[in-house]
Amino acid sequence: MRHTRHGVEPSGPSYDLAVKSESEDPVVTMPAKVLIVEDEMIVAMEMEAVVEDLGHEPIGIAPDANTAVRLAQKRPDIALVDLHLRDGLTGSEIGQQLAESGIAVIFATANLRIVADGVDGAIGVVEKSIDETSLASIIDYAICVRSGAAMGPPAALMLFDR
């Protein structure tokens, strides 16, 4: 058993058994390590709290490209990447680099047009602000894509051609 801010949880790996697809079939997903690349700290901290509440491990918040590269050394499974970061419009470049290193990348931005043509290696883009239910579906989808499992994309996610 371990104590958390939400009570006591059994030790060992946790599994999330929830509806994960349009067909209502349950899919078991393992907890993922999630990198948040976002320079607006309130937004980033809210995303981090949701990621943690969903049973995943937030490995850090990167407000700029250099921090994202440094945190990527922790080998995240998924990166949620904003486009406009502290160092400018560098999100698409860092997202592409993260995707090339095997990380499942989802962009989260208020301006979808910037990446409307897609970014090599990234899964897709979602419009901010993201509610908890949508974020949970997007993370589950990214886990399935990364593992090669079949799952329909969440409605909030605009997929890139792969």
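Residues numbered from 1 in each chain as written. Predicted model: local features only at pLDDT ≥ 70, side-chain atom pairs only at ≥ 80, totals over all residues. Heavy atoms only, no water.

**Description of unusual backbone geometry**
Short version of the rule: Elements are defined by DSSP. Helices are runs of H or I of four residues or more, strands are runs of E of two residues or more, and each kind is numbered from the N terminus. Burial classes follow relative accessibility: with a 1.4 Å probe on protein chains only, a residue under 20% of its type's maximum area counts as buried, one over 50% as exposed, and anything between as partly exposed.
With an omega of 5°, the peptide bond between Lys128 and Ser129 qualifies as cis. Assignment of secondary structure puts Ser129 in the loop between β9 (124–127) and α4 (132–147). Notably, Arg75 is not glycine yet its phi reads approximately 60°, a positive angle. Mapped onto the elements, Arg75 comes out in the loop between α2 (65–72) and β7 (78–81). Here Arg75 falls in the exposed class, since its relative accessible area comes to 67%.

**A short note on the packing of helix α1 (residues 41–53) against α4**
The following threshold applies: Each axis is a line fitted through C-alpha atoms, and for a helix only the stretch in contact is used; angles between axes span 0 to 180 degrees, taken between their N-to-C directions. Helix crossings fall into two classes, left-handed where the near helix is turned counterclockwise from the far one by less than a right angle and right-handed where it is turned clockwise. Contacts are residue-level and defined by heavy atoms, with any inter-residue pair within 4.5 Å sufficient. When residues are sorted by character, Ala, Val, Leu, Ile, Met, Phe, Trp, Tyr, Cys and Pro go into the nonpolar class, Asp, Glu, Lys and Arg into the charged class, and all the rest, Gly among them, into the polar class.
Where α1 contacts α4, the two axes come as close as 10 Å, and the packing angle between them is 65°. The chirality of how α1 crosses α4 is right-handed. On α4, the residues that touch Met47, Val50 and Val51 of α1 are Glu132, Leu135 and Ile139. For the contact of α1 with α4, the residue count by class is five nonpolar, no polar and one charged.

**Description of α2**
What counts, and what does not: Arc definition: directions from the helix axis to the C-beta atoms. Identification of polar contacts relies on pairs of N or O atoms within 3.5 Å, with a donor-acceptor requirement for protein atoms, meaning one able to donate a hydrogen and the other able to accept it, and with residues adjacent in sequence counted only if both atoms are side-chain atoms.
Among the residues of α2, Ala65, Thr67, Ala68, Leu71 and Ala72 are the ones counted as buried. Viewed along the axis of α2, the buried residues span an arc of 160°, placing them on a single side of the element. Exposed residues on α2 whose side chains face more than 90 degrees from its buried face are Asn66 and Arg70. Of the surrounding secondary structure, the elements contacted by the buried residues of α2 are β5 (33–37), β6 (57–62) and α3 (91–100). The backbone nitrogen of Asn66 lies 3.3 Å from a side-chain oxygen of the residue at the head of α2, namely Asp64.

**Here we look at the pattern of salt bridges**
To keep things clear, this is the line we draw: Each reported salt bridge corresponds to a side-chain nitrogen of Lys or Arg within 4 Å of a carboxyl oxygen of Asp or Glu.
One pass over the full model with this rule turns up four salt bridges. In this structure, the salt-bridge partner of Arg86 is Asp64, at a minimum N-O distance of 3.9 Å. Taken together, the residues span a long stretch of sequence, with Arg86 in the loop between β7 and α3 and Asp64 in the loop between β6 and α2 at a distance of 22 residues. Across the salt bridge formed by Asp77 and Arg146, the nearest N and O atoms sit 3.2 Å from each other. With Asp77 in the loop between α2 and β7 and Arg146 in helix α4, the pair connects residues that are 69 residues apart, well separated along the chain. Looking at Asp77, the relative accessible area reads 18%, which means it is buried.

**Quick word on the pairing of β5**
Quick note on the threshold: Two strands qualify as a pair provided DSSP detects at least 2 bridges between them. The crossover handedness rule: strands pointing away from the viewer, path from first strand over the helix to second strand clockwise, crossover right-handed.
When you tally the buried positions in β5, you get four out of five residues, the bulk of the element. Pairing analysis gives five bridges linking β5 to β6, with the strands arranged parallel. Bridged to Ile36 within β6 is Ile61. Each parallel crossover has a hand, and for β5 linked through α1 to β6 it is right-handed.

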